[in-house]
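# Tertiary structure, described
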2 protein chains.
Amino acid sequence: MGGSLALALNGHCREIIGVDQDVAVISLALEKNIIHSGGTDPAVLIHKADIVILATPICSILRLLDQLPSWHPGNAVIIDLGSTKAEIMSRMSMLPDRLQPVGGHPLCGKEKSSLQHADANLFVGTPFLLTSQESTTTHAREIAEGLAMTIGAIPIWVDIQQHDATLALTSHLPYLIANALAAIIPEDSRKFMGPGLRSTTRLAGSSLSMMMDIIRTNRQNILTGIHQYRERLGEMESYLEAGDYEQLEKLLQAGHDRYSNSID
Amino acid sequence: MGGSLALALNGHCREIIGVDQDVAVISLALEKNIIHSGGTDPAVLIHKADIVILATPICSILRLLDQLPSWHPGNAVIIDLGSTKAEIMSRMSMLPDRLQPVGGHPLCGKEKSSLQHADANLFVGTPFLLTSQESTTTHAREIAEGLAMTIGAIPIWVDIQQHDATLALTSHLPYLIANALAAIIPEDSRKFMGPGLRSTTRLAGSSLSMMMDIIRTNRQNILTGIHQYRERLGEMESYLEAGDYEQLEKLLQAGHDRYSNSID
């Protein structure tokens, strides 16, 4: 995600500085002209940045936020790209006033995440959810909106709690659903697979460590979702068990309608 | 599916005759040169066919099989395209010897099904599952394999029971999973949706009446699958409830591995 963002911002910033723990990633990013300069030590690299973008897994974002004030002595807008927002925004509220926090969440994840798959057009036409705090200034909001629009995304300000509750249903639960389905498919059934299974299980290929961070920081909302979802499947199971196809069809019709009206 | 098959067979058959209850569908198929001739009455149209392909929902296939001997007085190979095979093959076993039955199931369903979406390349590179009976002759088997290869598909002979048991997991359960997820997504959450949700719920757009036929004729296998699936989700829910992220990660790792090894 960080690589795709750097590519998309190329030519729109004074300078793009890359920071990664892995020096090989920085070398590759330099070779591919994805960044102008870079290295592994944020303390020597980011102290003059106008915008600091935290494009790492959530638990790492939380650690970085603790250290940020010691790395950057001046004013900057701090934007993270984490998929849950409550814990991150809470940690951001502890930043000094000179570091202006904005939460960001571009809805364009790929299940293949690495610099090799960086794509300048990844964000085009996708919602870029933004969250703010009382302390977030107009300047920081404008910078974040401008960044989203520069890469072709659609900036949308959302409430922090609503973000996490809704994403639990539209993103985090779908991951668990895909994973559970993949888990029960017999090993030798490749010849019995069509595009439907591939589509339904696609999210199971997401980075597990990234997903664990999401799950840890959105546990209660995901629990509510998985409970509601299992109940829905339980209703289907009961009608099927009873051979009550009339009630089953009514239930499935409601799901079909919601799909047509709200998703498709 | 019938329209796509007719398009794919174009130029490889002496004549392609279309039969549909809806005269408008036949007119459109004639206009688009998808069929050479056609109409609504099978009794006057199919009596000289060498191959009769039943490309309708399953319950309609079952009814057509009952009437077929009265419509076709000679020899023919009968191939259906239904997504479940046990009930259809059982009904096929009642055909007179002159009508040679082969079960067919091309794994290339689209959620948009109608003649408007007919696509000659729909079958290219996809598995075309075939089932036979004791009474199925070598001639009929060769015709079915030849048909599959002519349209670019890969013919694979499978056991009838294994077909229905495996497809319950790889196709019919995924439909229910997608439908249940679509059903619990809040109506106003379109701005919170990324490609993951669209992929996971895609099958919810399938024709419900077609799916009801599948569910009716594969009830027991689907029940077994939905039960197993809910148990898996229940394990996830328990670990999440207990905050036992270590066990949850182990469980998710297994799903991730099965996805990588058997699906992706």
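Residues numbered from 1 in each chain as written. Chains lettered and ligands numbered in written order. Predicted model: local features only at pLDDT ≥ 70, side-chain atom pairs only at ≥ 80, totals over all residues. Heavy atoms only, no water.

Once that is clear, we can look at the sheet that holds strand E3 (residues 51-54) of chain B. Residues and elements named next belong to chain B. Strand order in the open sheet made by the five strands is E3-E4-E5-E6-E7, with mixed pairing throughout. Of all the strands in the sheet, the pair left with one neighbour each is E3 and strand E7 (154-157). Between one strand axis and the next, the sheet turns by 30° as a mean value, whatever way the strands run. Sheet topology places E3 next to strand E4 (residues 76-80); four bridges connect them, and they run parallel. If you follow Ile53 over to E4, its bridge partner there is Ile79. The strands that helix H6 (residues 138-150) touches are E3, E4, strand E5 (99-106), strand E6 (127-131) and E7; relative to E7, the one it contacts most, it runs at about 145°. (Pairing = 2+ DSSP bridges. Helix = DSSP H or I, 4+ residues; strand = E, 2+ residues; numbered from the N terminus. Axes fitted to C-alpha atoms, helices over the stretch in contact; angles between N-to-C directions. Contact = heavy atoms within 4.5 Å.)

We now examine the nonpolar core. If you look at the biggest cluster of nonpolar residues, it comprises 108 residues, and the most contacted ones within it are Ile78 and Tyr229 of chain A together with Ile78 and Tyr229 of chain B. If near-sequence neighbours (up to four positions away) are discounted, Ile78 of chain B is found in contact with Val52, Leu54, Leu65, Leu68, Met92, Leu95, Leu99, Gln100, Pro101 and Val102 of chain B. (Core = buried A, V, L, I, M, F, W, Y, C linked by side-chain atoms within 4.5 Å. Buried < 20%, exposed > 50% of the residue type's maximum accessible area, 1.4 Å probe, protein only.)

Note on the identical chains: chain B maps onto chain A by a rotation of 180° and an axial translation of 0.0 Å, with an RMSD of 0.0 Å. The symmetry that links the two subunits is that of a two-fold axis. Distance from the rotation axis, computed per C-alpha, reaches its smallest value in chain B at Thr200 of chain B: 2.1 Å. Both copies present the same face, since 100% of the interface residues in chain B are matched by interface residues at the equivalent positions in chain A. (Least-squares fit on C-alpha atoms with pLDDT ≥ 70 in both.)

How large an interface is tends to be reported as the accessible area lost when its parts come together. Facing the 81 residues of chain B at the interface are 82 residues of chain A. Interface area, chain B with chain A, both sides summed: about 8,200 Å², of which 64% is carbon and sulfur. Here Glu187 of chain A makes a salt bridge to Arg258 of chain B, at a shortest N to O gap of 3.9 Å. Connecting chain B to chain A are 35 residue pairs in polar contact (both at pLDDT 80 or more). (Buried area = accessible area lost by both parts, 1.4 Å probe. Salt bridge = Lys/Arg side-chain N within 4 Å of Asp/Glu carboxyl O. Polar contact = N/O pair within 3.5 Å; in protein donor to acceptor, adjacent residues only side chain to side chain.)

Before going further, it helps to examine the environment of Leu129 of chain A. Relative to the helices and strands, Leu129 of chain A resides in strand E6 (residues 127-131). A residue is classified by how much of its surface remains accessible, and Leu129 of chain A, at 0% relative accessible area, is buried. A C-alpha to C-alpha distance of 30 Å links Leu129 of chain A and Val44 of chain A, two positions 85 residues apart in sequence. Leave out the neighbours within four places in its chain, and Leu129 of chain A touches Gly103, Gly104, His105, Leu107, Ile156, Val158, His163 and Leu167 of chain A together with Lys191 and Phe192 of chain B.

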